[in-house]
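If you want the building blocks of each chain, they are given just below.
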Amino acid sequence: MFPRNPRHNPYAEAERLLLAPAPGLVTRLWRWRTEIVLLVLAAGAAVVIATAVGRGMWWAPVALAGPVFVPATVPAGRKWILRHFWCLFSRHRIQRVCAETSMHTREGRIPLILWITPTGSGERAFILLRAGICADDFEAFGAEIAAACCAASVRVRRHPDRAQFVTVDIVRRGAEDDQPGAGTWGDGEHGGKRPLERLAG
């Protein structure tokens, strides 16, 4: 039971149950930046192909489409595409959970997902927390995050020296025992340079 989760606390303040205000235009563009870039690149490629075909340059579409479709024909390429799709999916779902629960500020600002990367068992998100939010909040809403990301489970770990950083492991496949235990950071190795230590200097 997690008292921070309003579902488990019958005495939670009413204001913590309120939905976050709708994000502004700049925030929406930032959250969809990867999809926007891909859409712009696809539109640009379509214009180039249409122009080339109109001028009778039939080799141009083949040369342009080759680097895009060839990776999808090999298992390694399909695996890379699928794993990065799940990264995009999980990033949006974590953001949605933060907005739908109490993991946001009174102004509606949710934690900032610095980056998200594939792992052997799913995805790993590195998150910068806003003032008023801590790693305990993510632990309390771990079940909600797992359900939103269509995952088996979620493991939350805080940075040992900088409480504003937290990492969330989304477990989709493999045994949970293969993942670093609670309280560890990065790869769980002693003496190694941890990802967020490189980020924060």
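All figures in this text were calculated on a predicted structure; none of them were measured in a lab. (Residues numbered from 1 in each chain as written. Predicted model: local features only at pLDDT ≥ 70, side-chain atom pairs only at ≥ 80, totals over all residues. Heavy atoms only, no water.)

## So, the packing of helix 2 (residues 33-54) against helix 3 (residues 59-69)
Closest axis-to-axis distance for the helix 2/helix 3 pair is 8 Å, and the angle between their directions is 155°. Viewed along their axes, helix 2 and helix 3 adopt a mutual orientation that is roughly antiparallel. When helix 2 is examined against helix 3, the residues Ala45, Val48, Ile49, Ala52 and Val53 are found in contact with a partner set consisting of Ala60, Pro61 and Leu64. Its residues assigned to classes, the contact of helix 2 with helix 3 shows 8 nonpolar, no polar and no charged. (Axes fitted to C-alpha atoms, helices over the stretch in contact; angles between N-to-C directions. Helix = DSSP H or I, 4+ residues; strand = E, 2+ residues; numbered from the N terminus. Parallel < 35°, antiparallel > 145°, perpendicular 65-115°, else oblique. Contact = heavy atoms within 4.5 Å. Nonpolar A, V, L, I, M, F, W, Y, C, P; charged D, E, K, R; others polar.)

## Let's talk about the sheet that holds strand 4 (residues 165-171)
Sheet strands pair by backbone hydrogen bonding; their relative direction is either parallel or antiparallel. Taken together, the 4 strands give an open sheet; going across it, the order is 1-2-4-3, and neighbouring strands pair in antiparallel fashion. Taken across any chain shown, the strands that pair with only one partner, and hence form the sheet edges, are strand 1 (112-118) and strand 3 (153-158). For this sheet, the mean inter-axis angle between neighbouring strands, taken without regard to orientation, is 20°. One ladder, built from 6 bridges, connects strand 1 with strand 2 (residues 122-128); its direction is antiparallel. (Pairing = 2+ DSSP bridges.)

## Here's the deal with helix 4 (residues 75-100)
A rise of 1.5 Å per residue sets the reference length of helix 4, with its 26 residues, at 38 Å; its end C-alpha atoms lie 37 Å apart and thus fit the reference within 8%. Those residues of helix 4 that fall on the buried side of the exposure criterion are Gly77, Cys87, Ser90, Arg91, His92, Ile94, Gln95, Val97, Cys98 and Ala99. (Expected span 1.5 Å × (residues − 1). Buried < 20%, exposed > 50% of the residue type's maximum accessible area, 1.4 Å probe, protein only.)

## Quick word on the nonpolar core
Within the largest apolar cluster, 27 residues are counted, with the highest numbers of intra-cluster contacts made by Ile94, Met103, Ile127, Phe138, Ile145 and Val168. Ranked by residues supplied to this core, first place goes to helix 4 with 5 residues. (Core = buried A, V, L, I, M, F, W, Y, C linked by side-chain atoms within 4.5 Å.)

## Some thoughts on the packing of helix 2 against helix 4
At a minimum axis distance of 10 Å, the contact between helix 2 and helix 4 shows a crossing angle of 135°. When the axes of helix 2 and helix 4 are compared, the pair comes out oblique. Residues Arg33, Thr34 and Glu35 of helix 2 touch helix 4, and the partners they reach there are Leu88, Arg91 and His92.

## Brief notes about the pairing of strand 4
Each regular strand shows side chains that alternate between the opposite faces of the sheet. Counting buried positions along strand 4 yields 7 of 7 residues, so the element is predominantly enclosed. Burial along strand 4 is two-sided: Phe165, Thr167, Asp169 and Val171 and Val166, Val168 and Ile170, pointing in opposite directions, are all buried. In terms of strand pairing, strand 2 meets strand 4 through 7 bridges, oriented antiparallel. Considered in strand 4, the bridge of Phe126 is made with Thr167. Pairing of strand 3 with strand 4, which is carried by 6 bridges, proceeds in the antiparallel orientation. Bridging across to strand 4, Val154 finds its partner in Ile170.

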